[in-house]
Amino acid sequence: MTDSTVTQPEGREEVAVPRAVTGEDRRGLLGRLRRPRRPRLWFEILLIAVSYWTYSLIRNAVPEQRHEALRNADWIWRAEHQVGIAVEQSVNHAVNSVSWLIVGMNYYYATLHFVVTLGVLVWLYRWHPGRYAATRLVLFATTGVALVGYYLFPLAPPRLMRGGHFVDTVMVHHTWGSMASGDLKHMSNQYAAMPSMHIGWSLWCGLTVFALASVPWVRVLGLLYPAATLLVIVATANHFWLDAVGGVLCLGFGFTVARAWYGSLPHALPRLAPGPRPEPAGAVRSA
């Protein structure tokens with residue numbers, strides 16, 4: 001049935017009730033929420049600040065189950081030996097022997113995790129507003145599900161293993177490359193290593209840049225960033241290889257949530273947010 005007027009026997013005409021009220025768009029509110037729109041700067045700044053504060057609060061509120069975390073680290077280490085990928089110790093010692101390199105990695109670990117992620121969000125906001133909300137949802141869903149991992153599988157990083165003989169590079173070189181070492185260690189949950197959000201966030205950045213950037217060398221940098229991050233988290237003894245796998249799985253969950261909500265992966269959405277839909281016409285039309 002179309003939006004036509006209804007002619008009464010007496011010859012009077014009634015204006016048809018708009019579809020937004022009658023049936024097809026009963027889910028109008030849900031539809032508006034799922035429709036890409038241009039982000040509002042003040043709202044995005046507030047949302048990101050509150051979300052990260054909440055994430056940090058919950059992450060650090062998870063009980064530090066030291067005994068279980070160390071037991072899980074031993075299990076991870078044995079499992080990696082069984083499949084032949086337990087090379088974290090060799091990488092850690094090799095990179096630690098080059099002072100300038102490991103110091104640079106300590107600062108990389110401390111800063112780029114935040115700087116690059118925020119930079120990609122700003123870039124999306126400015127140049128891809130139609131894709132911003134969907135891509136941000138991927139990041140938020142990835143980070144949210146990681147909290148489940150911290151609670152269900154407490155894990156000590158390699159540098160805290162019993163008899164692991166890993167070098168805590170921040171302590172040895174007196175840098176501030178990690179909130180989990182030195183004087184700042186009491187501000188962060190020491191046993192929230194699985195999954196690695198350094199990998200989850202860096203891969204989110206890399207895939208986003210690779211999918212949306214138009215300059216070839218920028219796209220290549222996008223792919224190199226998570227690869228470099230993987231080397232850094234292992235060399236600094238903050239994560240096992242398998243922690244990185246956990247981060248990738250969380251990111252896969254994030255993309256699944258965004259795909260289910262928007263009906264498309266973020267990069268396939270329009271670059272510019274569509275304008276507001278016109279209001280249903282209220283003019284009287286003949287049947």
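Structure's up top.
Below: a short report on this structure. (Residues numbered from 1 in each chain as written. Predicted model: local features only at pLDDT ≥ 70, side-chain atom pairs only at ≥ 80, totals over all residues. Heavy atoms only, no water.)

Attention now moves to the overall build of the protein chain. Check the secondary structure of the protein chain and you find 11 helices and 2 strands. Helices (α) and strands (β) of the protein chain occur, in sequence order from the N terminus, as β-β-α-α-α-α-α-α-α-α-α-α-α. Across the 287 residues in the protein chain, those meeting the buried criterion constitute 42%. Looking at the protein chain alone, contacts between residues at least 24 apart form 82% of all its contacts between residues at least 6 apart. Accessible area of the protein chain: about 16100 Å², with a carbon and sulfur share of 65%. (Helix = DSSP H or I, 4+ residues; strand = E, 2+ residues; numbered from the N terminus. Buried < 20%, exposed > 50% of the residue type's maximum accessible area, 1.4 Å probe, protein only. Contact = heavy atoms within 4.5 Å. Areas by Shrake-Rupley, 256 points an atom, 1.4 Å probe, with all protein chains shown as cover.)

Taken as a class, soluble globular proteins show a tendency for nonpolar side chains to be buried jointly. Ranked by size, the top nonpolar core spans 36 residues in total, and within it Tyr150, Met197 and Trp204 carry the most contacts. Looking at this core, the elements with two or more residues in it are α5 (88-96), α6 (99-127), α7 (129-152), α9 (197-212), α10 (216-235) and α11 (241-262). Of all hydrophobic cores here, the second largest spans 15 residues; its members include Ala73, Ala86, Ala156 and Ala193. (Core = buried A, V, L, I, M, F, W, Y, C linked by side-chain atoms within 4.5 Å.)

Moving on: the environment of Ala69. Considering the arrangement of structural elements, one finds Ala69 in helix α4 (residues 66-83). Taking the C-alpha atoms as reference, Ala69 lies 9.3 Å from Ala193; in sequence the two are 124 residues apart. Leave out the neighbours within four places in its chain, and Ala69 touches Pro154, Leu155, Ala156 and Tyr191.

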